[in-house]
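One-letter residues, chain by chain:
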Amino acid sequence: MDNLHPIIHQAGAEERLPDWAVMSPARIRHAGRVGRLMSDWAEALGHDTTTRIRWRAAGLLHDALKEEGVEALRPLVSGAEECPDALLHGPACASRLRTAGVDDEPLLRAIACHTTGHRDLGALGQALYMADFLEPGRLASGRERVGLRRRMPDEWHAVLVEVATAKIGVLIDAQIPVSAATAAFWEAITAPR
């Protein structure tokens with residue numbers, strides 16, 4: 001056995017969602033593609049089976065509450081009044097997982113911050129941030145996304161910066177404020193190495 005929490009094992013090894021997930025069939029397909037992409041990257045990086053299961057689970061679970069009503073999500077998120085409605089699902093899902101006994105902080109942070117990024121994202125969190133944007137079902141900018149996927153995981157950092165640039169560019173183009181978490185993430189990944 002891999003010693004993973006049962007919810008994480010079931011999601012990553014069996015593609016089984018917890019009974020509290022609120023996802024349409026299309027959202028489940030998206031999450032499955034994200035999970036498979038992450039599992040592929042983990043394998044290409046030489047990670048063990050347990051790590052591949054964790055990465056796949058993060059991909060499958062990241063949008064588990066994406067289609068839940070905002071009023072049900074707000075009580076799950078500390079500081080929810082400061083969080084835009086569209087960003088509540090990640091922190092709410094991490095909260096539900098934590099309440100269920102999941103104590104894998106890198107996985108919980110990855111899910112909570114998959115939309116915004118976070119300066120403390122490790123490889124799992126960075127992978128989820130990229131995979132959510134690059135999964136093959138996303139048709140916008142299709143050729144560019146295919147090219148970025150092909151460069152993974154070999155050109156990890158360069159692709160991470162390009163994905164963040166694209167995601168932040170969408171916010172700027174739409175005149176949506178860039179969150180403090182996203183700004184800090186950008187600063188962390190573009191700082192001189």
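Bear in mind the structure is a predicted one, so any value in this text is a computation, not a measurement. Per-chain numbering applies: the sequence of each chain, read as written, is numbered from 1 onward. The predicted origin of the model limits local features to residues at a pLDDT of at least 70 and limits the giving and counting of side-chain atom pairs to 80 or more, whereas totals for whole chains, interfaces and linings rest on all residues. Excluded from the side-chain calculations are hydrogens and water; all other atoms, namely the structure's heavy atoms, are used.

Undergrad: Looking at this structure, I do not really get the overall build of the chain. What am I missing?
TA: Helix and strand assignments come from DSSP, with helices taken as H or I runs of at least 4 residues and strands as E runs of at least 2, each series counted from the N terminus. Along the backbone of the chain there are ten helices and zero strands. The N-to-C order of helical and strand elements in the chain reads α-α-α-α-α-α-α-α-α-α. This radius of gyration counts C-alpha atoms alone. The globule rule is 2.2 Å times how many residues there are, raised to the power 0.38. A compact globule built from 193 residues should have a C-alpha radius of gyration of about 16 Å, and the chain, at 16 Å, falls within 12% of that. Taking the principal axes of the C-alpha coordinates as reference, the chain spans close to 40 × 40 × 30 Å. Taken over 193 residues, the chain has a buried fraction of 44%. Partitioning the intrachain contacts of the chain with sequence separation of at least 6 by distance along the chain shows that 62% fall at a separation of at least 24. Method for areas: the Shrake-Rupley scheme with a 1.4 Å probe, in which residue coverage is limited to the protein chains shown. Accessible surface for the chain amounts to roughly 9700 Å². Of this, 52% is attributable to carbon and sulfur atoms. The charged-residue count follows a simple rule in which Lys and Arg add positive charge and Asp and Glu add negative charge, with His and chain termini not counted at all. Lysine's charge is taken at NZ, arginine's at CZ, aspartate's at CG and glutamate's at CD. Each charge class in the chain was averaged separately, 22 positive and 26 negative side chains, and the resulting centres sit 5 Å apart. Note on classification: 1.4 Å probe, protein chains only; a residue is buried when its accessible area is under 20% of the maximum for its type, exposed when over 50%, partly exposed between these limits. Residue contacts are defined here by distance: any two heavy atoms, one from each residue, within 4.5 Å place the two residues in contact.

Undergrad: I would appreciate a short explanation of the layout of surface pockets in the present structure.
TA: Empty space among the atoms becomes apparent when a probe as large as a water molecule is rolled across them. Cavity and pocket criteria rest on a 1 Å grid covering protein atoms alone: a 1.4 Å probe that fits but cannot get out defines a cavity, protein on both sides within 12 Å along at least 5 of 7 lines defines an open pocket, and an atom within 4 Å of a point defines a lining residue. Grid points are joined across faces, edges and corners, and a volume is the space filled by probe spheres set on the points. When its volume is computed, the largest pocket comes out at roughly 700 Å³. Lining the largest pocket we find 24 residues, and of these Leu 87, Thr 115, Thr 116, Lys 167 and Leu 171 sit closest to its centre. Those elements giving two or more residues to the lining of the largest pocket turn out to be helix 2 (25-44), helix 7 (123-134) and helix 9 (156-173). The element best represented in the lining of the largest pocket is helix 9, accounting for four residues.

Undergrad: Got a minute to help me understand the side chain of Arg 145 in this structure?
TA: By the element assignment, Arg 145 lies in helix 8 (residues 142-150). Salt bridge criterion: a side-chain nitrogen from Lys or Arg within 4 Å of a carboxyl oxygen from Asp or Glu. Of the side chains with opposite charge, Glu 144 lies nearest to the buried Arg 145, which makes no salt bridge, at 6.8 Å. For Arg 145, the residues in contact, after removing those within four places along its chain, are Phe 133, Leu 134, Arg 138 and Ala 140.

Undergrad: Help me out: how do you make sense of the pattern of salt bridges in this one?
TA: Where charged atoms from two side chains of opposite charge approach closely, those side chains can pair. Applying the stated criterion across every chain, the model contains 13 salt bridges. Residues Glu 67 and Arg 27 are paired through a salt bridge, measuring 3.4 Å at the closest nitrogen-oxygen approach. Within this pair, whereas Glu 67 is found in the loop between helix 3 (49-61) and helix 4 (70-73), its partner Arg 27 is found in helix 2, the two being separated by 40 residues in sequence. When its relative accessible area of 34% is taken as the criterion, Glu 67 is described as partly exposed. Close ionic contact of Arg 151 with Glu 155 constitutes a salt bridge, the shortest N to O distance being 2.8 Å. Here Arg 151 falls in the partly exposed class, since its relative accessible area comes to 22%. You can call Glu 155 partly exposed: its relative accessible area is 37%. Three or more residues are tied together by salt bridges with common partners; here these are Glu 15, Arg 36 and Arg 56.

Remember, this is a structural readout, not a statement about activity or role.
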